[in-house]
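Spelled out from the first residue to the last, the chains are:
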Amino acid sequence: MATNQEINGNPAALSFDRAVDELRRGRAVHVTDGESGLVVAAIETLQPPLFERLVSAGRGRAAMLVTAERAHAAGISHQLSGAVRVAFPAATSLERLLALAGVAGTAPVNGAGFDVDPTPPNAPLAAASFQLAKAGRLVPALIGFDADADALPGVLTISVSDVVHHAPRFGHHALQLLSRARVPLAEALECEIAVFRDEHSLGEHVAVVIGTPDPTSAVPVRLHSACLTGDLLGSLRCDCGEQLRTAVARIEALGGGVLLYLDQEGRGIGLPNKLRAYVLQDGGLDTVDADRHLGFRADERRYDVAAALLTELGYKRIRLLTNNPQKINSLRDHGIEVTGRLPLVTTSNSHNERYLRAKHERAGHLDLAEKKSGG
């Protein structure tokens, strides 16, 4: 018989989801390892009244926590990983801290006048807090203060172990098939589209089954991360839309296969942050450095859910349409037999040349796009 704690399912998953929601709503959460605690709020959603209460409650201990990627971009630390603590005077404005975090929409500030600790003792608590922020597609920059392990009135408490144990693992994705229907496409008339919800992240992923692929053979497969600007609006800043339509036509020509349309906009950082990165690219950064400037890794995507989707569909042996070796390695790590790679070469233009060059030179993509004549 279910206890009250079990009615809503796994307690760790419940705590994780509630903590992510609190951060997205601009509220503080209390992260604890059982011996000490950290009260944090995401700077992106933090409003001035809560900021003032955090500074007051911290009694001089309030600080900003940023990732090593952001600290390096801001020139305040050269740590390669982990959290960096930036203490600030009580009179510091929220706007100045937003600028230091790189999300103010104004010129970033340097670290002058701030006390920087590149190896804070609360780093494991901060790492768990960053994971919560990223799960909510928020910039991983936090304002908070050290606290004890006891719960605080009105503040949701989550343990580090709940954050760690809720991390997705292959074979543990709770994929729910929501609906499926036949949908003829311009590049492939015989198609069925199935929509799955990943109950871990609530992401909704789409499987496009083209023709009638034979699961006993190496099925052509494309993993395509959602790109609203390129896929829907025809943005010239990337090659995503062309890759999407080329992949569908190529799979059709190969006799059928599967395209997985993954809910991972902006290499996993979400649409708002992708647009922030575009602004930074307009200022001179390439696509890799722009994401790191916001505190993210060069690529925040995971492909374990893609492996779980392929397994759910019954395809364990595939040929992958990709230029990205990371996709091949990740699928193999999660039990999918990738027998070969099919290049997916598109055309470049004056708006996306630098982006495509960065993917090739810095992200290890294997094929450069062809130059469009006159573009």
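It should be emphasised that the depicted structure is a prediction, and the values quoted were computed from it without experimental measurement. (Residues numbered from 1 in each chain as written. Predicted model: local features only at pLDDT ≥ 70, side-chain atom pairs only at ≥ 80, totals over all residues. Heavy atoms only, no water.)

Caption draft 1: Quick look at the sheet that holds strand 1 (residues 29-32). The strand order 5-4-3-6-2-1-7 describes an open sheet built from seven strands, whose pairing is mixed. Of all the strands in the sheet, just strand 5 (115-117) and strand 7 (156-159) have a single pairing partner and so form its edges. Strand-to-strand twist across the sheet, computed as the mean angle between neighbouring axes with direction ignored, equals 30°. Bridge count for strand 1 against strand 7 is four bridges, and the pairing is parallel. Within the sheet, the bridge partner assigned to valine 31 lies in strand 7 and is isoleucine 158. Strands in contact with helix 2 (residues 48-58) are strand 2 (36-42) and strand 6 (141-148); relative to strand 6, the strand with the most contacts, it is inclined by about 35°. In the packing of helix 5 (residues 123-135) onto the sheet, contacts are made with strand 1, strand 2, strand 3 (63-67), strand 4 (83-87), strand 6 and strand 7, and the angle to strand 2 comes to roughly 35°. (Pairing = 2+ DSSP bridges. Helix = DSSP H or I, 4+ residues; strand = E, 2+ residues; numbered from the N terminus. Axes fitted to C-alpha atoms, helices over the stretch in contact; angles between N-to-C directions. Contact = heavy atoms within 4.5 Å.)

Caption draft 2: Summary view of the layout of surface pockets. Of the pockets and cavities examined, the largest pocket occupies roughly 1200 Å³. Taken together, 38 residues form the lining of the largest pocket, with Gln131, Lys134, Ala135, Gly136 and Ser201 sitting closest to its centre. Sorting the residues of the lining of the largest pocket by element identifies helix 1 (11-24), helix 5 and helix 12 (304-313) as the ones contributing at least two each. Across the lining of the largest pocket, the residue classes break down as 12 nonpolar, 12 polar and 14 charged. (1 Å grid on protein atoms, 1.4 Å probe; cavity = no way out; pocket = protein on both sides within 12 Å on 5 of 7 lines; lining within 4 Å. Points joined across faces, edges and corners; volume = space filled by probe spheres on them. Nonpolar A, V, L, I, M, F, W, Y, C, P; charged D, E, K, R; others polar.)

Caption draft 3: Quick look at the environment of arginine 137. As for its placement among the helices and strands, arginine 137 is situated in the loop between helix 5 and strand 6. Once the C-alpha coordinates of arginine 137 and alanine 68 are considered, the two residues, 69 residues apart in sequence, prove to be 18 Å apart. A polar contact of 3.0 Å, which involves the side chain of arginine 137, links it to the backbone oxygen of aspartate 263. (Polar contact = N/O pair within 3.5 Å; in protein donor to acceptor, adjacent residues only side chain to side chain.)

Caption draft 4: Region of interest: helix 1. Relative to the 20 Å expected for 14 residues at 1.5 Å per residue, helix 1 spans 20 Å between its end C-alpha atoms, a close match to the ideal helical length. On its buried face, helix 1 sits against strand 1, strand 2, helix 5, strand 7 and helix 6 (160-165). Remark: glycine 26 follows helix 1 within two positions and exhibits a positive phi of approximately 80°. (Expected span 1.5 Å × (residues − 1).)

Caption draft 5: Main features of empty space enclosed by the protein. Following the criterion strictly, the structure yields three cavities of 30 Å³ or more and no others. Of the voids in this model, the largest cavity is the one considered here, and its volume is about 380 Å³. Taken together, 26 residues make up the lining of the largest cavity; nearest its centre are Cys240, Arg267, Arg301, Tyr355 and Lys359. Counting only elements with at least two residues in the lining of the largest cavity, the list comes to strand 11 (219-225), helix 8 (240-253), helix 9 (265-268), helix 10 (271-282), helix 11 (287-293) and helix 14 (353-361). Of the residues assigned to the lining of the largest cavity, the class counts are nine nonpolar, 10 polar and seven charged.

Caption draft 6: Representation of the environment of leucine 232. Relative to the assigned elements, leucine 232 resides in helix 7 (residues 228-232). For leucine 232, a relative accessible area of 64% corresponds to the exposed category. (Buried < 20%, exposed > 50% of the residue type's maximum accessible area, 1.4 Å probe, protein only.)

Caption draft 7: Molecular detail of the pairing of strand 12 (residues 257-262). The element strand 12 is extensively covered by neighbouring structure, given that five of its six residues are classed as buried. Inspection of the sheet shows strand 10 (residues 204-210) paired to strand 12 by five bridges, in the antiparallel sense. Opposite alanine 207, over in strand 12, you have leucine 260 as the bridge partner.

Caption draft 8: Geometry of unusual backbone geometry. Of note, the phi angle at arginine 59 is positive, near 50°, even though the residue is not glycine. Relative to the assigned elements, arginine 59 resides in the loop between helix 2 and strand 3. Its relative accessible area of 70% is what places arginine 59 among the exposed residues. Phi angles above zero are rare outside glycine, and arginine 267 is one such case at about 55°. Looking at the element boundaries, arginine 267 is found in helix 9. Since its relative accessible area comes to 16%, arginine 267 is described here as buried.

Caption draft 9: How the structure looks around the packing of aromatic side chains. Taken as a whole, this structure holds one aromatic pair when the rule is applied. Positioned above the aromatic ring of tyrosine 278, the side-chain terminus of arginine 237 is 4.2 Å from the ring centre. (Phe/Tyr/Trp six-rings, centres within 6.5 Å; stacked < 30°, edge-to-face > 60°. Lys NZ or Arg CZ within 6 Å of the ring centre and 35° of its normal.)

Caption draft 10: Examining the pattern of salt bridges more closely. In this structure the tally under the stated criterion is 13 salt bridges. Put simply, lysine 274 and glutamate 265 hold a salt bridge, and the shortest N to O gap is 2.5 Å. The exposure class of lysine 274 is buried, given its relative accessible area of 8%. Judged by its relative accessible area of 9%, glutamate 265 is buried. The salt bridge involving glutamate 300 is made with arginine 297; its shortest N-O contact spans 3.1 Å. By relative accessible area, which is 13% here, glutamate 300 ends up buried. (Salt bridge = Lys/Arg side-chain N within 4 Å of Asp/Glu carboxyl O.)

Caption draft 11: Highlighting helix 2. The complete set of buried residues in helix 2 reads Leu50, Phe51, Leu54, Val55 and Gly58. Taken around the axis of helix 2, the buried residues stretch over an arc of 140°, which confines them to a single face. The exposed set on the far side of helix 2, more than 90 degrees from its buried face, consists of Glu52, Arg53 and Ser56. Where helix 2 is buried, its residues touch strand 2, helix 4 (94-101) and strand 6. Once helix 2 finishes, arginine 59 follows within two positions and takes phi at roughly 50°, a positive value. (Arc of directions from axis to C-beta.)

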